[in-house]
Amino acid sequence: MNTSQLLNLLYTNRELIQRNNLHAVEHLQMLQKDYTHVADEEVVLNIELNKSLAEWHFYSRHNSAIENSLRIVAKYSTTKYQNML
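None of the values given here were measured: they were computed from a predicted structure. (Residues numbered from 1 in each chain as written. Predicted model: local features only at pLDDT ≥ 70, side-chain atom pairs only at ≥ 80, totals over all residues. Heavy atoms only, no water.)

### Brief notes about the side chain of Asn 50
Quick note on the threshold: The secondary structure listing takes helices from DSSP runs of H or I that are at least 4 residues long and strands from runs of E that are at least 2 residues long, numbered from the N terminus. Using a 1.4 Å probe on the protein chains alone, a residue whose accessible area is under 20% of its type maximum counts as buried, one over 50% counts as exposed, and one in between counts as partly exposed. What makes two residues a contact is simply this: any of their non-hydrogen atoms within 4.5 Å.
Residue placement: Asn 50 occurs in helix α3 (residues 41–59). Since its relative accessible area comes to 0%, Asn 50 is described here as buried. When near neighbours in sequence (up to four residues on either side) are disregarded, Asn 50 contacts Leu 10, Asn 13, Arg 14, Ile 17 and Leu 28.

### Quick notes on the packing of aromatic side chains
Short version of the rule: Within 6.5 Å between ring centres, the rings of Phe, Tyr and Trp (the latter by its six-membered ring) count as paired, and their orientation is classed by plane angle as stacked under 30 degrees, edge-to-face over 60, tilted in between. Counting as a charge over the ring demands two things of the Lys NZ or Arg CZ atom: a distance within 6 Å of the ring centre and an angle within 35 degrees of the ring normal.
With the rule as written, the count across this model stands at 0 aromatic pairs. Directly above the ring of Tyr 59 sits Arg 61, whose terminal nitrogen or CZ lies 4.3 Å from the centroid.

### Some words on the pattern of salt bridges
Our working rule: When a carboxyl oxygen of Asp or Glu is within 4 Å of a side-chain nitrogen of Lys or Arg, the pair counts as a salt bridge.
Enumeration over the complete set of coordinates arrives at 4 salt bridges. Residues Arg 71 and Glu 48 are paired through a salt bridge, measuring 3.0 Å at the closest nitrogen-oxygen approach. Here the residue Arg 71 occupies a position in helix α4 (residues 62–75), and Glu 48 occupies one in helix α3, the gap between them amounting to 23 residues. The partly exposed category is assigned to Arg 71, whose relative accessible area is 41%. Exposure remark for Glu 48: the relative accessible area of 15% places this residue in the buried category. Counted as one network, the salt bridges with shared partners bring together Glu 48, Lys 51 and Arg 71.

### Points about the nonpolar core
Quick note on the threshold: The criterion is simple. A nonpolar core is a set of buried Ala, Val, Leu, Ile, Met, Phe, Trp, Tyr and Cys residues joined through side-chain atoms within 4.5 Å.
Leu 6, Leu 7, Leu 10, Leu 31, Tyr 35, Val 43 and Ile 47 form the largest nonpolar core, which has 7 residues in total. Of all the elements in the fold, those that place two or more residues in this core are α1 (3–18), α2 (23–35) and α3. Here this core takes 3 residues from α1, the largest share from any one element. Beyond its immediate stretch of four places on either side in the chain, Leu 31 contacts Leu 6, Leu 9, Leu 10, Asn 13, Thr 36 and Ile 47. The next biggest cluster of nonpolar side chains, apart from the first, holds 6 residues, and it includes Val 44, Leu 45, Leu 49 and Tyr 81.

### Overview of the packing of α1 against α3
Using the following cut-off: Axis lines are fitted through C-alpha atoms, for helices just across the contact stretch, and the angle between N-to-C directions can take any value from 0 to 180 degrees. Note on terminology: angles under 35 degrees are roughly parallel, angles over 145 are roughly antiparallel, angles of 65 to 115 are roughly perpendicular, and the others are oblique. Crossing handedness: left-handed means the near helix sits turned counterclockwise from the far one by under a right angle, and right-handed means the same turn made clockwise. Lys, Arg, Asp and Glu make up the charged group, whereas Ala, Val, Leu, Ile, Met, Phe, Trp, Tyr, Cys and Pro make up the nonpolar group; the residues left over, Gly among them, are polar.
At a minimum axis separation of 10 Å, α1 and α3 run at an interaxial angle of 10 degrees. The angle between α1 and α3 places the two elements in the roughly parallel class. Relative to α3, the crossing made by α1 is left-handed. For the pair α1 and α3, the contacting residues are Thr 3, Leu 6, Leu 7, Leu 10, Tyr 11, Asn 13, Arg 14, Leu 16, Ile 17 and Gln 18 in the first and Glu 42, Val 43, Asn 46, Ile 47, Asn 50, Leu 53, Ala 54, His 57 and Phe 58 in the second. Broken down by class, the residue content of the contact of α1 with α3 amounts to 11 nonpolar, 6 polar and 2 charged.

What follows is the structure, given as structure tokens:
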């Protein structure tokens, strides 16, 4: 699977999370399991930010979502994908 296809899956996952679709968490877990080895920075950022969004929407773990987001912002502060952060 190329990066463009993977990013489309991640965008779909984000939409599922925002719509509170119960399959979103399972879909995110599958994406994490299958694609955490991908080194593309945009993919990594999308996966991590989807994790934060899922923590917020589905589990109401606000502190965990904020901590993960802040960790990602700090780690990728010089990324070329600043708009995503």
